[in-house]
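What the coordinates show
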Amino acid sequence: MTYEERLAEIEALASKLEAGGLGFEASLNTYERSVVLLRECQQQLHDAEQRLQILGPLVEEGEENTIEENDEILLPYVENYDEDAGNE
């Protein structure tokens, strides 16, 4: 699930809660689902921040903007690059 999909679901769940009409158990389950999605979004943002911190110095130092496959720090991101690009 992408960040945008999670965010859209959180917004839909918040609208449900705000509209009322849900029973206690349904409200609790809806709230719980929104908390799980929020934590996943926060983790995605944290991961993105780490990626930017790794890439930032490379660009600032004037190194070429290409990612080499032998760069062990960036390798997890290179391997998933094509998959990630399709989800954005």
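Just so it is clear, the model here is predicted, and its values are computed rather than measured.

A few words now on the overall build of the protein chain. Within the protein chain, the regular secondary structure consists of four helices and zero strands. What you see in the protein chain, going N to C, is helices and strands ordered as α-α-α-α. Expressed as a percentage of its 88 residues, the buried residues of the protein chain come to 10%. For the protein chain, restricting intrachain contacts to residue pairs at least 6 apart in sequence, the fraction spanning at least 24 positions comes to 52%. As displayed, the protein chain offers around 7,000 Å² of accessible surface, 51% of which is attributable to carbon and sulfur atoms.

For helix H1 (residues 3-19), spanning 17 residues, the distance from its first C-alpha to its last is 24 Å, which sits close to the expected 24 Å at 1.5 Å a residue. Backbone geometry just downstream of H1 places glycine 20 in the positive-phi region, at approximately 75°.

A contiguous nonpolar patch, built from Leu17, Leu22 and Tyr31 and spanning about 260 Å² of accessible area, is present on the exposed surface. With respect to the helices and strands, the residue tyrosine 31 is situated in helix H2 (residues 24-60).

This next bit is on the side chain of serine 34. Within the secondary structure layout, serine 34 lies in helix H2. Under the relative-accessibility criterion, serine 34 is labelled buried at 12%. In this structure serine 34 touches Ile10 and Leu13, once residues within four positions along its chain are discounted.

This part takes up the confidence of the model for the protein chain. The predicted model of the protein chain averages 80 in pLDDT, with 65% of residues at 70 or higher. By mean pLDDT, the top-scoring element of the protein chain is H1 (96), and the lowest-scoring one is helix H4 (residues 81-87) (48). This model gives residues 82-88 a pLDDT under 50, and the stretch forms two contacts once residues within four places in sequence are excluded.

This part covers the pattern of salt bridges. Where charged atoms from two side chains of opposite charge come close, those side chains can pair. Counting across every chain of the model gives two salt bridges. One salt bridge connects glutamate 40 with arginine 6, and the closest N-O pair in it is separated by 2.6 Å. A residue pair is termed long-range when its members are at least 10 positions apart, and glutamate 40 in helix H2 and arginine 6 in helix H1 qualify at 34 residues. A relative accessible area of 13% places arginine 6 in the buried class.

Structurally, serine 27 can be placed in helix H2. Classification of serine 27 by relative accessible area gives partly exposed; the value is 22%. Counting along the chain gives 10 residues from serine 27 to leucine 17, while the straight-line C-alpha distance between them is 6.6 Å. If we ignore the near neighbours within four places in the chain, the residues touching serine 27 are Leu17 and Leu22.

The rules behind each value
Residues numbered from 1 in each chain as written. Predicted model: local features only at pLDDT ≥ 70, side-chain atom pairs only at ≥ 80, totals over all residues. Heavy atoms only, no water. Helix = DSSP H or I, 4+ residues; strand = E, 2+ residues; numbered from the N terminus. Buried < 20%, exposed > 50% of the residue type's maximum accessible area, 1.4 Å probe, protein only. Contact = heavy atoms within 4.5 Å. Areas by Shrake-Rupley, 256 points an atom, 1.4 Å probe, with all protein chains shown as cover. Expected span 1.5 Å × (residues − 1). Patch = residues over 30% accessible without salt bridge, like charges linked within 9 Å, V, L, I, M, F, W, Y side chains within 5 Å. Salt bridge = Lys/Arg side-chain N within 4 Å of Asp/Glu carboxyl O. pLDDT = per-residue confidence, 0-100.

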